[in-house]
Amino acid sequence: MRKRTPLRRPPLPFQVRNLNHRPPVTRREFLGRGMLTTGGTLLGMGSFFSMFANPRKAYAQLAPDIQQLVSTPCNIRAGAGKVPFIAFDLAGGGNIAGSNALVGQSGGQLDFLTTAGYNALGLPGNMIPNSSVGAGSFIDTSLGIAMHSDSAYLRGINSMASSSTTALVNGAVIPAISQTDTDLNPHNPMYGIHSAGASGQLLVLIGTEATVSGGNSEAPSYMIDQTVLPTVITQPSDVTGLVSTGQLVSSGGLDQAAAVDVLESAVRVTNMKLGQVSPATGNPTNDATISNVLECSYVDAAYLVNEFGNPAALDPTQDTMISSIFSATDLQDSDFLTTACIMKMVIDGYAGAGTIEMGGFDYHDGTRATGETRDFKAGQCMGACLQYAALRGVPLMIYVFSDGSLVSNGMIDNSAAGRGKGTWVADNVATAASLMLVFDPRGRPTALQNQIGNYNADGTVNGTGSIAGNAVNLLAETAVLNYMALHGQEAAFQSMVWAGGVGQGLGSASTYQSLIAFSQLPSVSNGVVSSLT
């Protein structure tokens, strides 16, 4: 008799896409193996699951028995209510100090440098800031912080943000040494911002590069939390794909309310089946974890469909507020499109914090035109973020950093794009700085100071001007400290322990007080952003 080939039993969920790895036991591992995609495909069979749907149920909230699973045990986040945070990582070592944000000696931004010092920062003698009143001073305080009146950042910001928006901005510059042309500077504070409470409704952290920091420069190693690695977002499909419901909610599937009913019923069926069988991995703890993950996968799907049944609502190219800032032609530009995606995710509360890397800032090519053009583009992207926050009516913190900086030799570029300024001729670690800009729709943020640390008269960073002046990791910590201060939580920084188990390095509260630039924002109450309605 011919030997019959036994029928193969379909693999259990935890056996799918196992490859050479252990069976998945965490939600992240299930996501990584495609488990939610598999569930979405099965749930797309609306003709079968429609029997569970109650067409009379209004789309508003999940059923009570499902809603109680959202926070426990499924821990599905609904946002943390913190100030949105966007970092601009300008790769290559661009200019921030002097030609953009004014820097001064120990007396602050307007404790002027020598003429030679400003020359090194790209400003010729006929364009240096001075104490005269009016246009001839080359000082502009329309952003609260003192900027050079012909700053490319400032011109870019003003081209995208209205005067009513910039009137609600303040800022601070932090003179600080960092190495040039490298991704090894631990500049990025993103994980620290999460440690301070930032989180989103869909994601915790996002970035534009597939790196641990989400950008070019590294994050301080002791801040890194492997459970919240940044999700790469560079185009609208990256955003809408986060909440794709496949065939379940579409013209050929169910309407949104019915789809939620289907998924809620799937949770109940899953719970019933899990009460009858065990995943049987041989480890009771793993069995319980897998059961929890299976249940929560359906709860998560129900929550997503309930909240985001129309993924197009997350598409920045279909957001009328964004289209009032960026034209359709603008969005053909990768820098603008990426900025639109990140700013929508963060400012709308879908992500807690985001990094936008922009390349091309190693522009010491013997001209000034290249650097002015690139800085203007960076300013446009910053201005777009500020304007979108204003339209949405939410506060925003922007943090700008670059790997090192550059220096001018005093030669002038008189081309139209060069604007009669000094040419950039070489990298320089000692002319660097970082910049913070903060917007609040309820009133211009109060600045305790607009400069943290200082420059020497000759146009170089005073490395002892602040604890952040010559330690890039502490510069990142200073950004986190100021983020917490916006929430009135600077005192809590004293006991901050980073994800790696290391305590903060800025010292006691009395020591790090000198590193705080801002008071609590008008829009913040009890550590969270209050409703504007």
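Because the structure is a prediction, the values reported are computed rather than measured. (Residues numbered from 1 in each chain as written. Predicted model: local features only at pLDDT ≥ 70, side-chain atom pairs only at ≥ 80, totals over all residues. Heavy atoms only, no water.)

Peer 1: I tried to follow the overall build of the chain on my own but got confused; where do I start?
Peer 2: Of regular secondary structure, the chain possesses 16 helices and 13 strands. Relative to its 533 residues, the chain shows a buried fraction of 53%. Surface accessibility of the chain: about 21,400 Å² in total, with carbon and sulfur atoms responsible for 53%. (Helix = DSSP H or I, 4+ residues; strand = E, 2+ residues; numbered from the N terminus. Buried < 20%, exposed > 50% of the residue type's maximum accessible area, 1.4 Å probe, protein only. Areas by Shrake-Rupley, 256 points an atom, 1.4 Å probe, with all protein chains shown as cover.)

Peer 1: What's the story with the sheet that holds strand 11 (residues 433-439) in this structure? I'm lost.
Peer 2: Through backbone hydrogen bonds, the strands of a sheet pair up, either in parallel or in antiparallel fashion. The strand order across the open sheet built from 7 strands is 4-11-8-1-7-5-6, with neighbouring strands paired in mixed fashion. Strand pairing shows two members of the sheet lacking a second neighbour, strand 4 (169-175) and strand 6 (231-232), which therefore form its edges. Bridge analysis of strand 4 against strand 11 gives 7 bridges, and the strand direction is antiparallel. Paired with Val173 across the bridge in strand 11 is Leu435. (Pairing = 2+ DSSP bridges.)

Peer 1: I tried to follow the environment of Ser324 on my own but got confused; where do I start?
Peer 2: Along the chain, Ser324 turns up in the loop between helix 12 (320-323) and helix 13 (334-347). Since its relative accessible area comes to 55%, Ser324 is described here as exposed. Along the backbone, Ser324 and Leu391 are 67 residues apart, and their C-alpha atoms lie at a distance of 9.8 Å.

Peer 1: How should I be thinking about the nonpolar core in this particular structure?
Peer 2: Nonpolar side chains in soluble globular proteins tend to end up buried together. Phe88, Phe326 and Met343 are the most contacted members of the largest nonpolar core, which totals 69 residues. Take this core: its biggest share by element is 9 residues, from helix 13. Counting residues in hydrophobic clusters, the runner-up holds 47 residues, among them Ala87, Val204, Tyr222 and Ala471. (Core = buried A, V, L, I, M, F, W, Y, C linked by side-chain atoms within 4.5 Å.)

Peer 1: Any chance you could explain the packing of aromatic side chains here in plain terms?
Peer 2: Aromatic ring pairs: the centre-centre distance and the angle between the two ring planes describe each pair. Applying the stated criterion across every chain, the model contains 6 aromatic pairs. Seen in terms of ring centroids, Phe326 and Phe336 are 5.0 Å apart; in terms of plane orientation they differ by 35 degrees. Their pairing is tilted. With a gap of 10 residues between them, Phe326 in the loop between helix 12 and helix 13 and Phe336 in helix 13 connect regions that are remote in the sequence. Measuring from ring centre to ring centre gives 6.1 Å for Phe361 and Tyr363, while their planes differ by 55 degrees; the resulting arrangement is tilted. Classification of Tyr363 as buried rests on a relative accessible area of 2%. Grouping aromatic residues by their ring pairs yields a cluster made of Phe493, Trp498 and Tyr512. (Phe/Tyr/Trp six-rings, centres within 6.5 Å; stacked < 30°, edge-to-face > 60°.)

Peer 1: In this structure, what is going on with the side chain of Asp413? I would like to understand it.
Peer 2: When you line up the elements, Asp413 lands in strand 9 (residues 405-413). We note that Asp413 is buried and unpaired, the nearest opposite charge coming from Arg368 at a distance of 7.5 Å. Within the structure, Asp413 has its side chain in polar contact with the backbone nitrogen of Arg368 (distance 2.9 Å). In this view, Asp413 contacts Thr367, Arg368, Ala369, Gly418, Arg419, Gly420, Lys421 and Thr423; residues no more than four positions away in its chain are not counted. (Lys, Arg positive; Asp, Glu negative; His and termini not counted. Salt bridge = Lys/Arg side-chain N within 4 Å of Asp/Glu carboxyl O. Polar contact = N/O pair within 3.5 Å; in protein donor to acceptor, adjacent residues only side chain to side chain. Contact = heavy atoms within 4.5 Å.)

Peer 1: For this particular structure, what's the right way to read helix 15 (residues 472-486)?
Peer 2: Because the α-helix completes a turn every 3.6 residues, residues three or four places apart line up on one side. Here helix 15 is 15 residues long and its end C-alpha atoms lie 22 Å apart, about the 21 Å a rise of 1.5 Å per residue gives. Burial within helix 15 is extensive, with 14 of its 15 residues counted as buried. One or two steps after helix 15, the chain reaches Gly488, where phi turns positive at roughly 70 degrees. (Expected span 1.5 Å × (residues − 1).)

Peer 1: Just checking my understanding: could you explain unusual backbone geometry for this structure?
Peer 2: For residues that are not glycine, phi is negative in most cases, and the peptide bond is trans in most cases. Of note in the backbone geometry, Phe138 takes a positive phi value of approximately 60 degrees without being a glycine. In this fold, Phe138 is placed in the loop between helix 5 (115-120) and strand 2 (139-143). At Asn526, a position not held by glycine, the phi torsion is positive, near 55 degrees. As for its position among the elements, Asn526 is in the loop between strand 12 (524-525) and strand 13 (528-529). Judged by relative accessible area, which is 77%, Asn526 ranks as exposed.

Peer 1: Looking at this structure, I do not really get the side chain of His187. What am I missing?
Peer 2: Within the fold, His187 resides in the loop between strand 4 and helix 8 (190-195). Here Ser402 takes part through its backbone oxygen, which lies 3.0 Å from a polar atom of the side chain of His187. When neighbours within four sequence positions are excluded, His187 is seen to be in contact with Ser178, Ser217, Glu218, Tyr399, Phe401, Ser402, Asp403, Ser434, Val472, Leu475 and Ala476.

Peer 1: Any chance you could explain the pattern of salt bridges here in plain terms?
Peer 2: Oppositely charged side chains can form a pair if their charged atoms are brought close together. All told, the structure shown has 13 salt bridges when counted by the stated rule. With its nearest N and O atoms 2.9 Å apart, the salt bridge here joins Arg374 to Asp335. With Arg374 in helix 14 (residues 369-392) and Asp335 in helix 13, the pair connects residues that are 39 residues apart, well separated along the chain. Take Asp335: its relative accessible area is 16%, and that puts it in the buried class. One salt bridge connects Glu372 with Arg368, and the closest N-O pair in it is separated by 3.0 Å. Each of Asp150, Arg155, Arg368, Glu372, Arg419 and Lys421 takes part in one network of salt bridges that share partners.

Peer 1: Which parts of the structure should I look at to understand the packing of helix 13 against helix 14?
Peer 2: The description of two packed helices rests on the angle between their axes and on the distance between the axes. Across the interface, helix 13 lies against helix 14 with an axial gap of 10 Å and an inter-helix angle of 30 degrees. With respect to helix 14, the element helix 13 is oriented roughly parallel. Handedness of the crossing formed by helix 13 with helix 14: right-handed. Along the contact surface, helix 13 presents Asp335, Phe336, Thr339, Met343, Lys344 and Ile347, while helix 14 presents Arg374, Lys377, Gln380, Cys381, Ala384, Cys385, Tyr388, Ala389 and Arg392. Across the contact of helix 13 with helix 14, the residue classes break down as 8 nonpolar, 2 polar and 5 charged. (Axes fitted to C-alpha atoms, helices over the stretch in contact; angles between N-to-C directions. Parallel < 35°, antiparallel > 145°, perpendicular 65-115°, else oblique. Left-handed = near helix turned anticlockwise from the far one by under 90°. Nonpolar A, V, L, I, M, F, W, Y, C, P; charged D, E, K, R; others polar.)

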